[in-house]
Amino acid sequence: MRQILCLVPLVLVALAAVQHHSLLAEGFGHLRTASWPWLLVAAGATCLTWVAAAFTRQGAVMQPLPKRRLLLTQFAAGAANHLLPTGLGSSAVNLRFMTVCGVPLARSSAALALYLLAECVGRVGLLAALLIAFPDALQVGTLLPHGALGPLLLGVGVLLLVAAGALLLIRRVRTAVFSFVRTALGEARSVHTRPSRALALWGGSLAFAALQAAGLAAVGVALQLPIPPAHMALAYLAATVAVALVPTPGGLGSVEAALIVALVAAGGPAAVATAVVLAYRIITVWVPLLPGALTLGALVRLKVI
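Quick summary incoming for the structure in this document. The structure presented is a predicted model; accordingly, all values stated were derived computationally and were not measured. Within any chain, residue numbers begin from 1 and follow the written order of that chain's sequence. Two thresholds apply to this predicted model, a pLDDT of at least 70 for residue-level local features and 80 or more for giving and counting side-chain atom pairs, whereas whole-chain, interface and lining totals are computed over all residues. Excluding hydrogens and water, the side-chain values take into account all heavy atoms of the structure.

1. Concerning the environment of Leu-112
As a reminder of what qualifies: Each helix corresponds to a stretch of at least 4 residues labelled H or I by DSSP, and each strand to a stretch of at least 2 residues labelled E; elements are numbered beginning at the N terminus. The contact definition used throughout considers only heavy atoms, calling two residues in contact when any of these lie within 4.5 Å.
Mapped onto the secondary structure, Leu-112 falls in helix α6 (residues 105-133). Taking the C-alpha atoms as reference points, Leu-112 and Leu-95, 17 residues apart in sequence, are found 7.1 Å from one another. When neighbours within four sequence positions are excluded, Leu-112 is seen to be in contact with Arg-57, Ser-91 and Met-98.

So this is what it looks like as structure tokens:
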């Protein structure tokens, strides 16, 4: 059974490649005309995102985690995240890794929730800082289709009402949620009593978002997109925040569309913006996908996860 599980990521990679073969061909075509030094900068920033994720994961839990296996797990989790609906792959891999390392399931789940909160705060906080620094760099309203804001807010409101109703009416759900919240708050308090853990948690989450944005800016410079790098970084953060609720594997499709719209809203020509986005996704998603899937299979085989 474990040998079969090792092959599942490779099968998913093959299916994803076949499904997006035209995007891959066009993206690699754009890479041939780009400035390679800047592409190497983008690749380096992508590699550093796994280091930042490892710091953030360690910062979210009190128990020391094995550093080398933690870093490899983040690389593998990146591949899992692009093969399963947004966030599920990475969360499942890291949850399994922490439990194998001896962290109780309740505390592992609390650490996972704290990581997601820190990642969200870091991304939105960096976006807010750039919006304050460059208020005219981006027309934020263009990121959402016309008339989409109302249904989106309605959907969020319905979900909140359903969640509140479940808490009020179903005792078992209420007990489980309150127990989890107590565990999560206790874990968060413990983490913040250790300055090294708090620095890793919040510094890593901020660095993660900044490195992703820097990668896009480097690709934009490589393909001579006529937008200041800071504006490209702002466009990236705005686009990823806008599509955060879209449940597609790794954001495939939705992220590309939102990034193109954001770069055009920042003043870039549509053709060049499309080339930049495709090249960026090749570097950050498709090139690491196969080695990441192989690493994931090896970690499963070695019972690291």
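Once the structure has been displayed, the description carries forward.
2. Describing the packing of aromatic side chains
In this description, a pair of aromatic rings is defined by centroid distance and the angle of the planes. Under the convention used in this document: Each Phe, Tyr or Trp ring, with Trp reduced to its six-membered ring, pairs with another whose centre is within 6.5 Å; inter-plane angles below 30 degrees give stacked pairs, above 60 give edge-to-face pairs, and intermediate values give tilted ones. Burial here depends on accessible area, computed with a 1.4 Å probe over protein chains only, as a share of the maximum for the residue type. Under 20% is buried, over 50% is exposed, and the range in between is partly exposed.
Under the defined criterion, the tally for this structure stands at two aromatic pairs. Look at Trp-50 and Phe-75: their rings are 4.7 Å apart centre to centre, the planes differ by 65°, and that puts the pair in the edge-to-face class. Separated by 25 residues along the polypeptide, Trp-50 in helix α3 (residues 36-59) and Phe-75 in helix α4 (residues 67-83) bring together distant segments of the chain. Assessed through its relative accessible area of 19%, Trp-50 is described here as buried.

3. Focus on the packing of helix α10 (residues 229-242) against helix α11 (residues 254-265)
Inclusion rule: Only the stretch in contact is used when a helix axis is fitted, and all axes are lines through C-alpha atoms; the angle between N-to-C directions ranges over 0 to 180 degrees. In this scheme, roughly parallel covers angles under 35 degrees and roughly antiparallel covers those over 145, while 65 to 115 is roughly perpendicular and the rest are oblique. Put simply, a crossing is left-handed when the front helix is turned counterclockwise from the back one by less than a right angle, and right-handed when it is turned clockwise. Any residue that is not Ala, Val, Leu, Ile, Met, Phe, Trp, Tyr, Cys, Pro, Asp, Glu, Lys or Arg is counted as polar, Gly included; the first ten are nonpolar and the last four charged.
Look at α10 against α11: their axes get within 9 Å of each other, and the N-to-C directions meet at 140°. With respect to α11, the element α10 is oriented oblique. Here α10 and α11 pass one another in a crossing that is right-handed. Where α10 approaches α11, its residues Met-232, Ala-235, Tyr-236 and Ala-239 are matched on the opposing element by Ala-258, Leu-259, Ala-262 and Leu-263. Tallied by class, the residues present in the contact of α10 with α11 amount to eight nonpolar, no polar and no charged.

4. Looking at the pattern of salt bridges
Rule in force here: Should a side-chain nitrogen of Lys or Arg be within 4 Å of a carboxyl oxygen of Asp or Glu, the pair is scored as a salt bridge.
Considering all chains together, one arrives at three salt bridges under this definition. Its salt-bridge partner being Glu-119, residue Arg-123 comes within 2.6 Å of it at the nearest N-O pair. Of this pair, Arg-123 and Glu-119 both sit in helix α6, separated by four residues, roughly a single helical turn. Residue classification places Arg-123 among the buried residues on the basis of a relative accessible area of 10%. Owing to a relative accessible area of 17%, Glu-119 belongs among the buried residues under this scheme.

5. Comments concerning helix α5 (residues 88-100)
The condition that has to hold: By definition here, a helix of n residues has an expected span of 1.5 Å times n minus one.
Along its 13 residues, α5 runs 18 Å from first to last C-alpha, staying within 8% of the 18 Å computed at 1.5 Å per residue. Residues of α5 that are buried: Gly-89, Ser-90, Ser-91, Val-93, Asn-94, Phe-97 and Met-98. Contact partners of the buried residues in α5: α3, α4, α6 and α12 (270-301). Phi for Gly-102, located one or two positions after α5, is positive at around 100°.

6. Details of unusual backbone geometry
One non-glycine residue, Gln-224, lies in positive phi territory at about 60°. Mapped onto the elements, Gln-224 comes out in the loop between α9 (195-222) and α10. At Lys-303, a residue that is not glycine, the phi angle is positive and equals roughly 65°. Within the element layout of this structure, Lys-303 appears in the segment after α12.

Bear in mind that shape data such as this cannot, by itself, settle questions of function.
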